[in-house]
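Residue strings, one per chain:
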Amino acid sequence: MLRLAIYPGSFDPPTLGHLDVIERASRLFDRLIVAVGVNSSKRPLLSTEERIEALKLSTASIPNVSIEAFSGLLVQYAAEQGAKSIVRGLRATADFEYEFQMAMVNRRLSPDVDTVFLMTKWEHSYLSSSIVREVAHLGGDYTGMVHPSVAEIMEQALKSS
Ligand code: PNS
């Protein structure tokens, strides 16, 4: 049986922490769909199309990963794709309550779908999309926090904002 998992998120922008989770999950599953949530932030830095492009470029070397957009309920999207596993990254304990709540809601909505948590690398544990967005908006150096192709897309987006 093909082991298919969904890694959902806002990815505005995708950080090196996200990329690390994608690499780890791609080794655990036969196929991984990175699912970009549409309309997850009212004031995004990157449009859905830019996030998808950024993720496609930064995961181009991983053959079993595909990038898609999704809207509506995550468990419904997972059912449509035939996935029984949801992957989420965990950094420090601060992530736990939110992740626990989401996993429980998703389990209640769809008992046969499990959430699998992967710890990010220690060196990425301080990274979040919101921190990267703030640094970028305030003119700080965010290279080294995101993949170079993501940094390029961010640079363009910032110039035209
Ligand atoms: O990267 P994020 O912002 O933590 O990702 C959150 C996301 C997109 C995974 C979450 O908001 C989500 O699953 N949204 C879809 C709506 C849904 O299914 N809600 C019920 C579960 S909380």
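Since we're looking at a predicted model, the values are computed, not measured.

1. Quick look at the site of the ligand
Alright, step 1. Every residue lining the ligand is accounted for by P8, G9, S10, F70, G72, L73, L74, R88, Y98, M102 and N106.
Alright, step 2. A distance of 2.5 Å separates an oxygen atom of the ligand from a polar side-chain atom of S10.
Alright, step 3. Contact between the ligand and R88: an oxygen atom at 2.9 Å from a side-chain N or O atom of the residue.
Alright, step 4. In this structure, the ligand is accommodated by the largest pocket.
Alright, step 5. Where the shell around the ligand is concerned, the elements lending two or more residues are strand 1 (4-9) and helix 4 (96-109).
Alright, step 6. Of all the elements, helix 4 adds the most residues to the shell around the ligand, at 3 residues.
Alright, step 7. For the shell around the ligand, the per-class residue count stands at 6 nonpolar, 4 polar and 1 charged.

2. Some thoughts on empty space enclosed by the protein
Alright, step 1. This model, assessed by the stated rule, comprises 1 cavity of 30 Å³ or more.
Alright, step 2. Of the voids in this model, the largest cavity is the one considered here, and its volume is about 40 Å³.

3. Notes on unusual backbone geometry
Alright, step 1. With an omega dihedral of 0°, the bond running from D12 to P13 counts as a cis peptide bond.
Alright, step 2. Take P13: it is sitting in the loop between strand 1 and helix 1 (16-28).
Alright, step 3. Located in the positive-phi region is F11, a residue other than glycine, with phi close to 55°.
Alright, step 4. Here F11 is to be found in the loop between strand 1 and helix 1.
Alright, step 5. With relative accessibility at 1%, the residue F11 sits in the buried group.

4. Looking at the environment of G144
Alright, step 1. Topologically, G144 is positioned in the loop between helix 5 (129-137) and helix 6 (148-159).
Alright, step 2. A residue is classified by how much of its surface remains accessible, and G144, at 53% relative accessible area, is exposed.
Alright, step 3. With 128 residues separating them along the chain, G144 and L16 place their C-alpha atoms 8.0 Å apart.

5. Some thoughts on the pattern of salt bridges
Alright, step 1. Applying the stated criterion across every chain, the model contains 9 salt bridges.
Alright, step 2. A salt bridge links R3 to D30; its shortest N-O distance comes to 3.5 Å. One end of the pair, R3, is in the segment before strand 1; the other, D30, is in the loop between helix 1 and strand 2 (31-37), with 27 residues separating them in the sequence.
Alright, step 3. Classification of R3 as partly exposed rests on a relative accessible area of 44%.
Alright, step 4. One salt bridge connects R91 with D95, and the closest N-O pair in it is separated by 2.8 Å.
Alright, step 5. Given a relative accessible area of 13%, D95 falls into the buried group.
Alright, step 6. Counted as one network, the salt bridges with shared partners bring together D12, R51 and R133.

Thresholds, definitions, all that
Residues numbered from 1 in each chain as written. Predicted model: local features only at pLDDT ≥ 70, side-chain atom pairs only at ≥ 80, totals over all residues. Heavy atoms only, no water. Near = heavy atom within 4 Å. Polar contact = N/O pair within 3.5 Å; in protein donor to acceptor, adjacent residues only side chain to side chain. 1 Å grid on protein atoms, 1.4 Å probe; cavity = no way out; pocket = protein on both sides within 12 Å on 5 of 7 lines; lining within 4 Å. Sits in = over half its atoms within 2 Å of the grid points. Helix = DSSP H or I, 4+ residues; strand = E, 2+ residues; numbered from the N terminus. Nonpolar A, V, L, I, M, F, W, Y, C, P; charged D, E, K, R; others polar. Points joined across faces, edges and corners; volume = space filled by probe spheres on them. Buried < 20%, exposed > 50% of the residue type's maximum accessible area, 1.4 Å probe, protein only. Salt bridge = Lys/Arg side-chain N within 4 Å of Asp/Glu carboxyl O.

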